[in-house]
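# Structure at a glance
Take a look at the letters that make up each chain.
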Amino acid sequence: MAKINFFTEDIIYNLKGKTAIRKWMQETITAEGYQLAELNFIFCSDEYLLRVNQDFLKHDYYTDVITFDNSEELKTILGDIFISIDRVKDNAQQNNATIHDELCRIMIHGTLHLLGYRDKTKKAKTEMTAKEDFYLALRS
């Protein structure tokens, strides 16, 4: 059975609207032609995500999101998305957004990575941002 789970590591964070977010994520995944097996969102601090970045990706810098694709089947979503709530709060302030809206943007960004979208080139980043905006507009 398909599942979307929410966890915390080293912080206390209570995500509001879990049912609506699960529905939105499921609809996004389906619209992109994928099946959902399991998707885990892990909310953590800057320091926790920095350690994940160093240990698993050998990067020594802060980031807002790291996505791990654990799927072994094509067009199936099985992954973990780590999100720094510290970065989300800073991003929200810089972008004049609510923390919830910024968190949703980061959540969809990580999910789009699992759906095959990249953001390393200017063209790919433009396409990903357009997809983020499209799916953010569909939130209920």
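Owing to the predicted nature of the structure, the values given are computational and were not obtained by experimental measurement.

Calculation criteria
- Residues numbered from 1 in each chain as written.
- Predicted model: local features only at pLDDT ≥ 70, side-chain atom pairs only at ≥ 80, totals over all residues.
- Heavy atoms only, no water.
- Salt bridge = Lys/Arg side-chain N within 4 Å of Asp/Glu carboxyl O.
- Helix = DSSP H or I, 4+ residues; strand = E, 2+ residues; numbered from the N terminus.
- UniProt positions renumbered as here; feature names shortened; annotations may be inferred.
- 1 Å grid on protein atoms, 1.4 Å probe; cavity = no way out; pocket = protein on both sides within 12 Å on 5 of 7 lines; lining within 4 Å.
- Contact = heavy atoms within 4.5 Å.
- Buried < 20%, exposed > 50% of the residue type's maximum accessible area, 1.4 Å probe, protein only.

### Some points on the pattern of salt bridges
Evaluation of the coordinates by the stated rule reveals seven salt bridges. Notably, a salt bridge pairs arginine 87 with aspartate 46, separated by 2.8 Å at the nearest N-O pair. Of this pair, arginine 87 sits in helix α3 (residues 85–94) while aspartate 46 sits in helix α2 (residues 46–57), placing them 41 residues apart in sequence. Linking glutamate 102 and arginine 105 is a salt bridge whose minimum nitrogen-to-oxygen distance equals 2.6 Å. A residue pair is termed a helical-turn pair when its members lie 3 or 4 positions apart in one helix, as glutamate 102 and arginine 105 do in helix α4 (residues 99–114) at three residues. One salt-bridge network, in which partners are shared between bridges, spans Asp46, Arg87 and Asp90.

### Points about the UniProt feature "binding site: Zn(2+)" (unreviewed entry) in the protein chain
Under the feature "binding site: Zn(2+)" (unreviewed entry), the UniProt entry names His109, His113 and Asp119. The subset of these annotated residues that lines the largest pocket comprises His109, His113 and Asp119. Inspection of the secondary structure puts histidine 109 in helix α4. Those residues in contact with histidine 109 that lie beyond four places of it in its chain are Val65, Asp119, Met128 and Glu132. Within the fold, histidine 113 resides in helix α4. Its relative accessible area of 17% is what places histidine 113 among the buried residues. Setting aside residues no more than four positions away along its own chain, histidine 113 makes contact with Thr67, Arg118, Asp119 and Met128.

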